[in-house]
Amino acid sequence: MSYKENREWSDGYMPSVKSILGQAMIKESTFKEDTELGFDLVTPSEKEIACRVRDYEKYKYYINEFTIRSKSKYDKRTEIHKILDGCGDWFFYGFTKGDEVKYWSIINLDVFRNNYENSNCKEMSNPCDGTKFISFKFLTFPPDIIIDSNIDHKFNNKGIVQ
């Protein structure tokens, strides 16, 4: 698929992604905030959020992993370069089914960057278009890499599944 086709496909899931992010980001106020300060909802400061959605068929095989593009079709800077250069705060990673995102995780990119060198990763080629992705296992990172998720990742105190 061309960039335009890929972008149109992933943009079709943005309503679902925004709904999930809204639920994860907007919190109810405390009793004090409500009764003394007069507000009911609290949002975090402005965040830059990268998004990647994958087809549900891949979910079964890659539930404990996330991928980030490492080589573009035209040898341009990719997501991994931008993230490692400090761009972005969070990374929304989801699996689609039908017209919505069914399974997802919100990744803390500061935790990712601070632990990138020690991660267990491998680069994979996409035979369809010549691009490449790096695959990372969630459980090789500290548990606080996950801000929120509807997937049950099992961490111990070292970030590795027991």
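Notes on the structure follow. None of the values given here were measured: they were computed from a predicted structure. (Residues numbered from 1 in each chain as written. Predicted model: local features only at pLDDT ≥ 70, side-chain atom pairs only at ≥ 80, totals over all residues. Heavy atoms only, no water.)

## Side note on unusual backbone geometry
Worth spelling out the cut-off: Secondary structure elements are defined from DSSP: runs of H or I of at least 4 residues count as helices, runs of E of at least 2 residues count as strands, and each element is numbered from the N terminus. The buried label applies to any residue whose accessible area, calculated with a 1.4 Å probe on protein chains only, is under 20% of its type's maximum; exposed applies above 50%, and partly exposed to all values in between.
The backbone phi angle of Asp75 is positive, close to 55°, even though this residue is not glycine. Looking at the element boundaries, Asp75 is found in the loop between β4 (65-71) and α5 (79-84). Accessibility expressed as a relative area gives 59% for Asp75, which makes it exposed.

## With respect to helix α2 (residues 14-25)
The criterion, for reference: Expected helix span is taken as 1.5 Å per residue step, with the number of steps being one fewer than the number of residues. Read the arc as the range of directions from the helix axis to the C-beta atoms.
Over its 12 residues, α2 runs 16 Å from end to end, which matches the ideal 16 Å to within 8%, given 1.5 Å per residue. Buried within α2 are the following residues: Ser16, Val17, Ile20, Leu21, Ala24 and Met25. Take α2 and look down its axis: the buried residues cluster within an arc of 155°, on one side only. Exposed and facing more than 90 degrees away from the buried side of α2 are Pro15, Lys18 and Gln23.

## Here we look at the sheet that holds β4
Whether parallel or antiparallel, the strands of a sheet pair through hydrogen bonds between backbone atoms. Condition: Note on pairing: two strands pair once DSSP finds at least 2 bridges between them. Each axis is a line fitted through C-alpha atoms, taken for helices only over the stretch in contact, and angles between the N-to-C directions span 0 to 180 degrees.
An order of β4-β8-β7 is seen for the 3 strands of this open sheet, with the pairing classed as antiparallel. Both outer strands of the open sheet, β4 and β7 (121-125), are each paired with one neighbouring strand and no more. Adjacent strand axes in the sheet meet at a mean angle of 30° when their direction is disregarded. Bridging between β4 and strand β8 (residues 132-137) involves 6 bridges; their strand directions are antiparallel. By the bridge assignment for β8, Arg69 is matched with Phe133.

## Quick look at the side chain of Ser105
As a reminder of what qualifies: Only heavy atoms matter for contacts: two residues are in contact if any of them lie within 4.5 Å across the pair.
Mapped onto the fold, Ser105 is located in strand β6 (residues 100-108). Excluding residues that lie within four positions of it along the chain, Ser105 makes contacts with Phe91, Phe92, Tyr93, Phe138, Asp148, Ser149, Ile151 and His153.

## Considerations on the sheet that holds strand β5 (residues 90-97)
Taken in spatial order, the 4 strands make up an open sheet running β3-β5-β6-β9, and their pairing is mixed. Looking along the sheet, the strands with just one partner apiece sit at the ends: β3 (49-55) and β9 (146-149). When the angles between neighbouring strand axes are averaged without regard to direction, this sheet yields 20°. Pairing of β3 with β5, which is carried by 7 bridges, proceeds in the parallel orientation. In the sheet register, Ile49 faces β5, and the bridge partner there is Trp90. α2 rests against β3, β5, β6 and β9 of the sheet, and its axis sits at about 50° to β6.

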